[in-house]
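The primary structure of each chain is shown beneath.
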Amino acid sequence: MSDPLRLGTRGSKLAMAQSGQVAEALTARTGRPVELVEVVTAGDRSNAPVHRLGVGVFVSALRDALVAGEIDFAVHSYKDLPTAMAAGLHIAAVPPRQDPRDALVARDGKTLAELAPGASVGTGALRRIAQLHALGMQLSVSPIRGNIDTRLARVLGPDADLDAIVLARAGLARIDRLDVITETLDPMLMLPAPAQGALAVECRIDDPEMVELLGTLDDAPSRAAVTAERAMLATLEAGCSAPVAAYAVVAEGEPTGSGAEGDVVQEIYLRGAVISPDGVRDIRLSRTGTLADAAEIGKALAAELLDLGADSILGPQGHDGPGTQQFGSTE
């Protein structure tokens, strides 16, 4: 029996769940046993709002362990990764993406439309806060931190102090808590964060065996969608204080050639938005193209957003430079 592969992961319930799922899938595909190695990150040690913690707060310790050879590969929530690749590392797989939409968990089973004016809503993302304000529902929206169970307790626990929370549906799915969702939010109302619901499985670029093994987990449509979304984000050079949203859907396009034998080409439909923190200003656009052009689609959509004034919404505080985006944990 080969020695177990060492998979580095954060120690939260969600991180352990999604890493465990990747480990099981890798063993099923390759026959190689996998052991989880817990790595504590700076984000796990702080209670400060995510957007104040700095770039890569949930991934830097994992990457350090990977470079040092303490682990063989790592699993990240893809939206936690800075857009610039880390030197010497490689995203070897993007497994099939979970539903990237946001979810509402509210008292008494209420939907978003049923919340009364002044209802207290908590969420960990400036992107969500901005879009909730943009709805004009006069909700009292506040930032919250903590793992999924901590957030759920703010609404469903004995000491609940909020009327509702908004968080990623994918995280609830991975810990089998879809039962608490009172509404999965339409992306027309709440556009997700770039790469939300996707995982990034990373290893050292000079470890060809690991690259090959992890490649068995890669899902081409999921990778293309994430590539388009993150190319848009990188081109905007939006920092952690900028509410930027993106959602790419992969679908079958029109057949090429003539007759029934024409090839069917998969297409990407990418929607992107930049919203002011108070929700007063927003710019929303969309663009389509083929999977092969995923990155170019994202760059082109970002250029259009900038042409329409996205820069004025982002402002100086929204620009941390290329590759430095940090939008917070899936939790």
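Overview of the structure. Keep in mind that this is a model prediction, so the values were computed, not measured. Position numbers for residues start from 1 in each chain and track the written sequence from start to end. The predicted origin of the model limits local features to residues at a pLDDT of at least 70 and limits the giving and counting of side-chain atom pairs to 80 or more, whereas totals for whole chains, interfaces and linings rest on all residues. Values reported for side chains reflect all heavy atoms of the structure, with hydrogen atoms and water molecules removed beforehand.

**Quick notes on the overall build of the protein chain**
Definition in use: Under the DSSP-based scheme used, a helix requires at least four consecutive residues in state H or I and a strand at least two consecutive residues in state E, with every element numbered from the N terminus. To sort residues, take the accessible area from a 1.4 Å probe on protein chains only and compare it with the maximum for the residue type: under 20% means buried, over 50% means exposed, and anything in between is partly exposed. Any pair of residues with heavy atoms lying within 4.5 Å of one another is described as a contacting pair. In these tables, accessible area is a Shrake-Rupley quantity obtained with a 1.4 Å probe, and a residue counts as shielded only by the protein chains included in the view.
Helix and strand content of the protein chain: nine helices and 13 strands. Looking at the protein chain residue by residue over its 331 residues, the buried ones come to 52%. At a minimum sequence separation of 6, the contacts of the protein chain that also span at least 24 residues come to 71%. With an accessible surface of roughly 13,700 Å², the protein chain has 50% of that area assigned to carbon and sulfur atoms.

**With respect to the nonpolar core**
Formally: Residue types Ala, Val, Leu, Ile, Met, Phe, Trp, Tyr and Cys, when buried and joined through side-chain atoms within 4.5 Å, form a set referred to as a nonpolar core.
Within the largest apolar cluster, 21 residues are counted, with the highest numbers of intra-cluster contacts made by Met 232, Leu 236, Val 244, Ile 268, Leu 270, Val 274 and Leu 305. Those elements that place two or more of their residues in this core are helix H7 (220-236), strand S11 (244-255), strand S12 (264-275), helix H8 (294-307) and helix H9 (310-314). The element that contributes the greatest number of residues to this core is H7, accounting for six residues. Setting aside its immediate chain neighbours within four residues, Leu 270 contacts Ala 228, Glu 229, Ala 246, Tyr 247, Ala 248, Leu 285, Ser 286, Arg 287, Ile 297, Gly 298 and Leu 301. Counting residues in each nonpolar core, the second largest holds 17 residues, with Ala 23, Ala 92, Leu 199 and Met 210 among its members.

**Focus on the sheet that holds strand S1 (residues 5-9)**
Short version of the rule: Pairing between two strands requires that DSSP report at least two bridges joining them. Lines fitted to C-alpha atoms define the axes here, with helix axes fitted over just the stretch in contact, and angles between the N-to-C directions of these axes take values from 0 to 180 degrees.
Reading across from one edge, S2-S1-S3-S10-S4 is the order of the five strands in this open sheet, with mixed pairing throughout. Each edge of the sheet is formed by a strand with only one pairing partner; in this case those strands are strand S2 (34-38) and strand S4 (89-93). Neighbour-to-neighbour, the strand axes of the sheet open up by a mean angle of 35 degrees, direction not taken into account. Examined bridge by bridge, S4 and strand S10 (residues 199-204) share four bridges and lie antiparallel to one another. Looking at the pairing, Leu 89 lines up with Arg 204 of S10.

**Let's talk about the environment of Val 274**
Mapping Val 274 onto the fold places it in strand S12. Judged by its relative accessible area of 0%, Val 274 is buried.

**Considering helix H1 (residues 13-30)**
This is how the line gets drawn: By definition here, a helix of n residues has an expected span of 1.5 Å times n minus one.
Taking 1.5 Å of rise per residue, 18 residues should cover 26 Å, and H1 covers 26 Å from first to last C-alpha, within 8% of that figure. Those residues of H1 lying buried are Leu 14, Ala 15, Gln 18, Ser 19, Gly 20, Val 22, Ala 23 and Leu 26. Note on H1: the residue one or two positions beyond its end, Gly 31, has a positive phi of about 80 degrees.

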